[in-house]
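Chain and residue survey
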Amino acid sequence: MNDRFLVLGRGRLGNSLHTALLAAGLRSQLLPGRHGVATLRQRLGENPGAYVILAVPDPAVQSVASVLATSGVRPGTTVIHLSGSLGLGPLDPLRTAGCAVGAFHPLQSFPEPRPPEAFRGSLFGIDASSEALLAELDDLATALGGLSRRVRDEQRALYHLAASMVSSYMACLADQGATALRAAGWSRAEALEALIPLMTGAVDNLAAHGLPGALIGPIRRGDPDTVQRHLAAIATASHGGHLDAVYRTLGMVAVDLAAEAGLDAGRVTELAKLLRPAVSIAG
Ligand SMILES: NC(=O)c1ccc[n+]([C@@H]2O[C@H](COP(=O)([O-])OP(=O)(O)OC[C@H]3O[C@@H](n4cnc5c(N)ncnc54)[C@H](OP(=O)(O)O)[C@@H]3O)[C@@H](O)[C@H]2O)c1
């Protein structure tokens with residue numbers, strides 16, 4: 001496997017990946033993303049064969065690729081981006097210039113630079129312009145303690161949607177729980193302190209029991225009276241915002257999971273009816 005990398009972009013993932021590559025015993029240099037092309041060309045001259053990793057924001061990937069392609073990057077150079085939503089298309093200028101191109105996206109979140117452990121156990125969504133590079137990216141995922149799966153251009157939007165939904169909507173779900181508790185007089189900090197251990201336990205439960213086994217709560221138990229009380233409380237809560245819509249929409253998902261887990265059909269119908277969006281009749 002190639003063991004030399006030039007990471008272009010010193011942001012959250014660039015930093016984290018550079019540290020993890022070094023920790024895995026590989027050679028890596030972290031270079032400026034903005035105005036870094038001249039430095040990159042010089043380092044590539046000193047390290048022919050090093051893989052270039054574009055750790056720049058998604059909207060900059062194509063323009064950086066174009067600049068590299070027209071700035072004399074040698075044919076045969078390998079250039080990889082880290083985006084989950086972009087396919088290999090934005091690297092086409094490099095491909096046309098004779099470079100091998102790939103994508104190496106850690107299905108993990110880096111709100112700030114994180115230590116090498118952050119990559120362990122993570123899946124990397126990979127793709128490449130050749131089977132040889134694809135195999136190398138698989139080896140690289142393994143070297144970082146993760147595993148890989150090929151995600152082709154046409155699968156990228158759904159792959160990235162799943163990743164963004166699960167990672168960012170987790171924070172949104174916590175916000176909605178906190179909204180309910182704030183309506184009951186708690187501060188947001190008090191609410192989060194109470195909810196985070198509950199959420200961590202729910203993720204552990206999901207890992208242990210999968211779906212639909214991890215679903216718990218009144219919908220799984222087939223308890224319409226409790227659901228009715230929740231809806232009534234939401235209706236009277238001040239500053240509820242999206243709470244009613246979120247409760248009902250995710251409640252419908254819970255009904256489907258409860259049905260899959262064996263809840264009887266009568267209860268399923270009753271709960272689904274209860275959770276249907278409230279119709280407002282404009283006067
Ligand atoms: N953060 C995550 O959780 C995460 C997770 C998976 C994948 N990714 C992917 O990783 C890539 C980098 O994301 P990031 O979160 O690390 O971004 P980031 O923290 O915003 O850092 C990006 C770096 O790119 C450079 N840069 C900024 N604008 C540029 C431009 N117009 N042209 C060239 N370079 C520019 C800057 O580096 P310098 O300061 O060196 O100039 C900046 O620090 C993206 O493709 C993203 O989708 C991120």
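Residues numbered from 1 in each chain as written. Predicted model: local features only at pLDDT ≥ 70, side-chain atom pairs only at ≥ 80, totals over all residues. Heavy atoms only, no water.

**Things to note about the side chain of Ser16**
Note that Ser16 resides in helix α1 (residues 12-23). Polar contacts involving the side chain of Ser16 include one to the main-chain amide nitrogen of Arg114, which spans 3.0 Å. Among residues more than four places away in sequence, those in contact with Ser16 are Phe110, Glu112, Pro113, Arg114 and Phe119. (Helix = DSSP H or I, 4+ residues; strand = E, 2+ residues; numbered from the N terminus. Polar contact = N/O pair within 3.5 Å; in protein donor to acceptor, adjacent residues only side chain to side chain. Contact = heavy atoms within 4.5 Å.)

**Observations regarding the sheet that holds strand β3 (residues 51-54)**
Read from one edge of the open sheet, 7 strands run β2-β1-β3-β4-β5-β6-β7, paired in mixed fashion. In the strand order of this sheet, the two ends are held by β2 (27-31) and β7 (147-150), each with one partner. Averaged over neighbouring strand pairs, the angle between their axes works out to 25° when direction is ignored. Direction of pairing for strand β4 (residues 78-81) relative to strand β5 (residues 100-106): parallel, over a ladder of 4 bridges. Its bridge partner being in β5, His81 is matched across the sheet by Ala103. Sitting on the sheet, α1 is in contact with β1 (4-8), β2, β3 and β5, with an inclination near 160° to β2. In the packing of helix α5 (residues 131-143) onto the sheet, contacts are made with β1, β3, β4, β5, β6 (123-128) and β7, and the angle to β6 comes to roughly 165°. (Pairing = 2+ DSSP bridges. Axes fitted to C-alpha atoms, helices over the stretch in contact; angles between N-to-C directions.)

**Here's the deal with the domain arrangement of the chain**
One frequent convention defines the size of an interface as the accessible area lost when the parts assemble. When its domains are assigned, the chain resolves into domain 1 (4-151) and domain 2 (158-275). The C-alpha centroid of domain 2 is placed 38 Å from the C-alpha centroid of domain 1. (Domains from an automatic or database assignment.)

**Looking at the nonpolar core**
Within the largest apolar cluster, 25 residues are counted, with the highest numbers of intra-cluster contacts made by Leu17, Leu21, Phe104, Phe119, Leu137, Leu140 and Leu144. Those elements that place two or more of their residues in this core are β1, α1, β3, β6 and α5. If we skip the residues at most four places from it in the chain, Leu17 touches Ile53, Leu82, Phe104, Phe119 and Leu144. Grouped together as the second largest cluster of nonpolar side chains are 21 residues, Val52, Val61, Ala65 and Leu91 included. (Core = buried A, V, L, I, M, F, W, Y, C linked by side-chain atoms within 4.5 Å. Buried < 20%, exposed > 50% of the residue type's maximum accessible area, 1.4 Å probe, protein only.)

**Side note on the site of the ligand**
As a structural note, the neighbourhood of the ligand is formed by 21 residues, with Arg10, Arg12, Leu13, Asp58 and Phe110 the closest of them. Leu13 is positioned such that a nitrogen or oxygen atom in its backbone is 2.8 Å from an oxygen atom of the ligand. Take Phe110: an N or O atom from its main chain is 2.7 Å from an oxygen atom of the ligand. The set of elements that each furnish at least two residues to the shell around the ligand consists of α1, α3 (58-70) and β5. Considering each element in turn, the shell around the ligand owes the most residues, 3 residues, to α3. Considering only residue class, the shell around the ligand consists of 10 nonpolar, 7 polar and 4 charged. (Near = heavy atom within 4 Å. Nonpolar A, V, L, I, M, F, W, Y, C, P; charged D, E, K, R; others polar.)

**Let's talk about the pairing of β3**
On β3, burial covers both faces: Tyr51 and Ile53 on one face and Val52 and Leu54 on the other are all buried. As defined by bridge partners, β1 adjoins β3 across 4 bridges and the pair is classed as parallel. The partner of Leu8 across the bridge, within β3, is Leu54. Remark: the β3/α3/β4 crossover connection has right-handed handedness. (Right-handed = clockwise from strand over helix to strand, strands pointing away.)

**Quick look at the packing of helix α6 (residues 156-183) against helix α10 (residues 243-261)**
One way to put it is that α6 packs onto α10 with a least axis distance of 10 Å and a crossing angle of 120°. Judged on the interaxial angle alone, α10 and α6 are oblique. Crossing hand, α6 versus α10: left-handed. On α10, the residues that touch Leu173, Gln176, Thr179 and Ala180 of α6 are Leu243, Val246 and Leu250. In the contact of α6 with α10, the residues fall into 5 nonpolar, 2 polar and no charged. (Parallel < 35°, antiparallel > 145°, perpendicular 65-115°, else oblique. Left-handed = near helix turned anticlockwise from the far one by under 90°.)

**Details of the pattern of salt bridges**
This structure, assessed with the given rule, holds 9 salt bridges. A salt bridge links Asp3 to Arg27; its shortest N-O distance comes to 3.4 Å. In this pair, Asp3 is assigned in the segment before β1 and Arg27 in strand β2, connecting sequence segments 24 residues apart. The exposure class assigned to Arg27 is partly exposed, which follows from its relative accessible area of 49%. Linked through salt bridges whose partners overlap, the residues forming this network are Asp3, Arg4 and Arg27. (Salt bridge = Lys/Arg side-chain N within 4 Å of Asp/Glu carboxyl O.)

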